[in-house]
Amino acid sequence: MATLDGLPPLREVIDRHGLDARKALGQNFLLDLNLTQKIARTAGPLEDCTVFEVGPGPGGLTRAILSLGAKKVIAVERDSRCLPALAEVADYYPGRLEVIEGDALKTDFEALAPEGPIRIIANLPYNVGTQLLVNWLLPRQWPPFWQSLTLMFQKEVGQRIVAKEDDNHYGRLGVLCGWRTEARMAFDVPPQAFTPPPKVTSSVVHLVPRETPLPCDVEKLERVTQAAFGQRRKMLRQSLKPLGGEALLTRAGIDPARRAETLSVEEFVTIANLL
């Protein structure tokens with residue numbers, strides 16, 4: 001496959017460095033450079049932006065982000081086998097790629113953030129993607145340090161992120177994302193686009209922070225959604241019993257006979273604010 005920059009094709013890079021994707025690390029390498037550019041373009045203009053990337057692997061998406069003009073990419077990679085391949089990308093784009101070897105779940109991204117606009121773009125490892133998203137959504141200070149999140153997940157997770165009330169995919173993740181962000185599904189990515197092909201379709205999701213989400217304590221909202229969706233088939237008077245049940249719902253002006261998936265984000269916030 002022809003390259004979109006002057007670097008070798010990704011298959012050649014993977015073969016030369018012996019980079020077999022490892023299931024234990026949730027790795028599925030994306031080799032189509034046209035597709036990686038499509039992901040990067042979904043994030044919007046990248047000029048003057050610093051981009052955080054998680055799990056760059058052999059650097060396909062990294063190359064796309066840099067080729068589209070990002071001022072700098074800070075990539076967190078846990079797999080030390082990928083570092084020589086990423087070093088080649090760093091040499092090709094002098095001063096614009098910083099690679100941090102480490103666990104993204106233990107990385108303080110905000111502390112690493114320089115001045116200027118920050119975007120997060122990543123083909124997230126399947127085994128840590130949801131937790132990373134939640135970490136980026138839960139800081140007490142809002143708006144957050146990032147301007148947008150453009151992330152790839154299993155399609156089922158993407159559906160949960162953008163789901164609204166009365167949708168089968170609606171749950172705690174949909175409430176949290178709907179409360180603090182405007183989230184949309186950008187496009188699907190078929191299994192055959194990856195090496196090795198996963199057993200599921202993937203989706204790219206784009207999230208932009210709301211400037212002024214409804215005032216609410218994060219921990220209280222988490223408690224309410226955990227209780228409500230933990231027993232989602234039960235009426236709210238039962239599932240929210242540990243938090244005040246029918247009396248709490250009556251104060252919120254919500255019918256205690258309703259079920260969790262019928263409540264809007266605004267109604268969940270109302271309940272949380274009454275705790």
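Anything mentioned here points back to the structure above.
How each quantity is defined
- Residues numbered from 1 in each chain as written.
- Predicted model: local features only at pLDDT ≥ 70, side-chain atom pairs only at ≥ 80, totals over all residues.
- Heavy atoms only, no water.
- Phe/Tyr/Trp six-rings, centres within 6.5 Å; stacked < 30°, edge-to-face > 60°.
- Helix = DSSP H or I, 4+ residues; strand = E, 2+ residues; numbered from the N terminus.
- Buried < 20%, exposed > 50% of the residue type's maximum accessible area, 1.4 Å probe, protein only.
- Lys NZ or Arg CZ within 6 Å of the ring centre and 35° of its normal.
- Axes fitted to C-alpha atoms, helices over the stretch in contact; angles between N-to-C directions.
- Left-handed = near helix turned anticlockwise from the far one by under 90°.
- Contact = heavy atoms within 4.5 Å.
- Nonpolar A, V, L, I, M, F, W, Y, C, P; charged D, E, K, R; others polar.
- Pairing = 2+ DSSP bridges.
- Right-handed = clockwise from strand over helix to strand, strands pointing away.

> How should I be thinking about the packing of aromatic side chains in this particular structure?
Each pair of aromatic rings is reported with the distance of its centres and the angle of its planes. Across all of its chains, the model carries 7 aromatic pairs by this definition. Consider the rings of F52 and F109, whose centres lie 5.4 Å apart with planes at 90°: the pair is edge-to-face. A residue pair is termed long-range when its members are at least 10 positions apart, and F52 in strand β2 (residues 50-54) and F109 in helix α5 (residues 109-112) qualify at 57 residues. F109 carries the same exposure label as F52, and that label is buried. Residue classification places F52 among the buried residues on the basis of a relative accessible area of 0%. Taken together through their ring pairs, the aromatic side chains of F52, F109, W136 and F145 make up a single cluster. The cationic tip of K38 hangs over the ring face of F187; the distance from NZ or CZ to the ring centre is 4.3 Å.

> I would appreciate a short explanation of the packing of helix α11 (residues 245-252) against helix α12 (residues 265-274) in the present structure.
To describe two helices that pack against each other, one gives the angle between their axes and the distance between the axes. Following both chains from N to C, one finds α11 and α12 inclined at 115°, their axes separated by 9 Å at the closest point. As α11 packs across α12, the resulting crossing turns out to be right-handed. Contact with α11, carried on its side by L248, L249, R251 and A252, involves T270, I271 and L274 of α12 and no other residues of that element. Considering only residue class, the contact of α11 with α12 consists of 5 nonpolar, 1 polar and 1 charged.

> How do you make sense of the sheet that holds strand β9 (residues 202-209) when you look at a structure like this?
The strands that make up a sheet are held in pairs by hydrogen bonds between backbone atoms, and each pair lies either parallel or antiparallel. Within the open sheet, the 7 strands sit side by side as β4-β3-β2-β5-β6-β9-β7. Their pairing is mixed. The two strands at the open ends of the sheet, each matched to only one other strand, are β4 (97-101) and β7 (181-189). If you compare each strand with its neighbour and ignore which way they point, the axes differ by 20° on average. Alignment of strand β5 (residues 118-123) against strand β6 (residues 148-154), held across 5 bridges, turns out to be parallel. Its bridge partner being in β6, A122 is matched across the sheet by L151.

> Would you explain unusual backbone geometry in this entry?
Peptide bonds are trans in most cases, and residues, glycine excluded, mostly fall at negative phi. For the bond running from W142 to P143, omega is 5°, close enough to zero to count as cis. Inspection of the secondary structure assignment puts P143 in the loop between α6 (129-137) and β6. Of note, the bond from T195 into P196 is cis; its omega dihedral lies within 30 degrees of zero at -10°. Among the secondary structure elements, P196 is positioned in the loop between β8 (194-195) and β9. A positive phi angle is found at D48, which is not glycine, with a value near 70°. Here D48 lies in the loop between α2 (33-42) and β2.

> Would you mind showing me how to read the pairing of strand β3 (residues 72-77) here?
Consecutive side chains along a regular strand alternate between the two faces of the sheet. Extensive coverage of β3 is indicated by the burial of 5 of its 6 residues. Bridging between β2 and β3 involves 5 bridges; their strand directions are parallel. Counted as the bridge partner of V54 is V76 from β3. Bridge count between β3 and β4: 5 bridges; the pairing is parallel. Directly across from E77, in β4, lies its bridge partner E101. With respect to chirality, the unit in which β3 leads through helix α4 (residues 83-92) into the neighbouring parallel β4 is right-handed.

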